[in-house]
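Descriptive analysis of the structure
Chain residues, written in single-letter form:
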Amino acid sequence: MISDDEFITHKDVPGPTKEEIRCLVMCKSKVSPEDIVVDIGCGTGGLTLEFAKRSRLVYAVDKNLDALNTTEKNLKKHKLDKKVQLIHSDALEALRNIETFDILMIGGSGGDLPLLIEEGYQKLTQNGKIIVTSILLETPVEAVQTMKKLQMDIDIVDVSISKGRVMKRGTMMLARNPITIVTGKKN
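Let us look at the structure shown here. (Residues numbered from 1 in each chain as written. Predicted model: local features only at pLDDT ≥ 70, side-chain atom pairs only at ≥ 80, totals over all residues. Heavy atoms only, no water.)

**Details of the sheet that holds strand β5 (residues 124-134)**
Strand order in the open sheet made by the 7 strands is β3-β2-β1-β4-β5-β9-β6, with mixed pairing throughout. Two strands in the sheet have a free side with no partner beyond their single neighbour: β3 (84-88) and β6 (153-159). Sheet twist, expressed as the mean angle between neighbouring strand axes with direction ignored, is 15°. Pairing of strand β1 (residues 36-40) with strand β4 (residues 101-106), which is carried by 4 bridges, proceeds in the parallel orientation. Looking at β4, one finds that isoleucine 40 is bridged to isoleucine 106. Along the sheet face, helix α3 (residues 65-77) touches β2 (57-62) and β3 and points at about 165° away from the line of β3. (Pairing = 2+ DSSP bridges. Helix = DSSP H or I, 4+ residues; strand = E, 2+ residues; numbered from the N terminus. Axes fitted to C-alpha atoms, helices over the stretch in contact; angles between N-to-C directions. Contact = heavy atoms within 4.5 Å.)

**Focus on the side chain of serine 55**
Position of serine 55 relative to the elements: it lies in the loop between α2 (46-54) and β2. Since its relative accessible area comes to 2%, serine 55 is described here as buried. If we skip the residues at most four places from it in the chain, serine 55 touches Val31, Ser32, Pro33, Asp35, Val37 and Lys83. (Buried < 20%, exposed > 50% of the residue type's maximum accessible area, 1.4 Å probe, protein only.)

**Some details on the nonpolar core**
Ranked by size, the top nonpolar core spans 27 residues in total, and within it Val38, Ile40, Ile106, Ile117, Ile130 and Val132 carry the most contacts. Residue assignment for this core shows that the elements contributing at least two residues are β1, β2, α4 (91-96), β4, α5 (113-123), β5 and α6 (138-149). With residues near it in sequence (within four places) discarded, isoleucine 117 still touches Ile106, Ile130, Val132, Ala143, Thr146, Met147 and Leu150. (Core = buried A, V, L, I, M, F, W, Y, C linked by side-chain atoms within 4.5 Å.)

All we've got here are geometric facts, nothing functional implied.
Written as structure tokens, this is what we have:
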């Protein structure tokens, strides 16, 4: 995993997704060197870069141009830019223009999560996965309801991570945002 402090950031762009969450997402995705991945709401590119290290091709989608520019800087810094196609677009429009893929990663939905899951499902290969990460309580509920309707196999993990900061007297644990990871597998 790339350390959090190795990412270039931008004040108007969320991310990167924290290292421990990236690790869990890679594990849940079971990404392989043959896979094509679509990363919706790529932000600074934390998950885009991790998928690029492990897959054949990644489409990184964001409607925020600052996000795409930051992702591009991170890709170049880590020499992964040849494996990623950056797409400046609305997520639904981008999905409609991509043929097929093995993994759909949704880190930001702009309020269109059910539509993104449904559209992505149509383009997903057999046994492909849709992964949704969330800091909002409502997002996993929406994801699960939509995936159930599509008869996907669903896995839900809620993660709370704390990082230690060593001080003179001891170690203080600092909590990070809890994250819910919903994974749906196409049968």
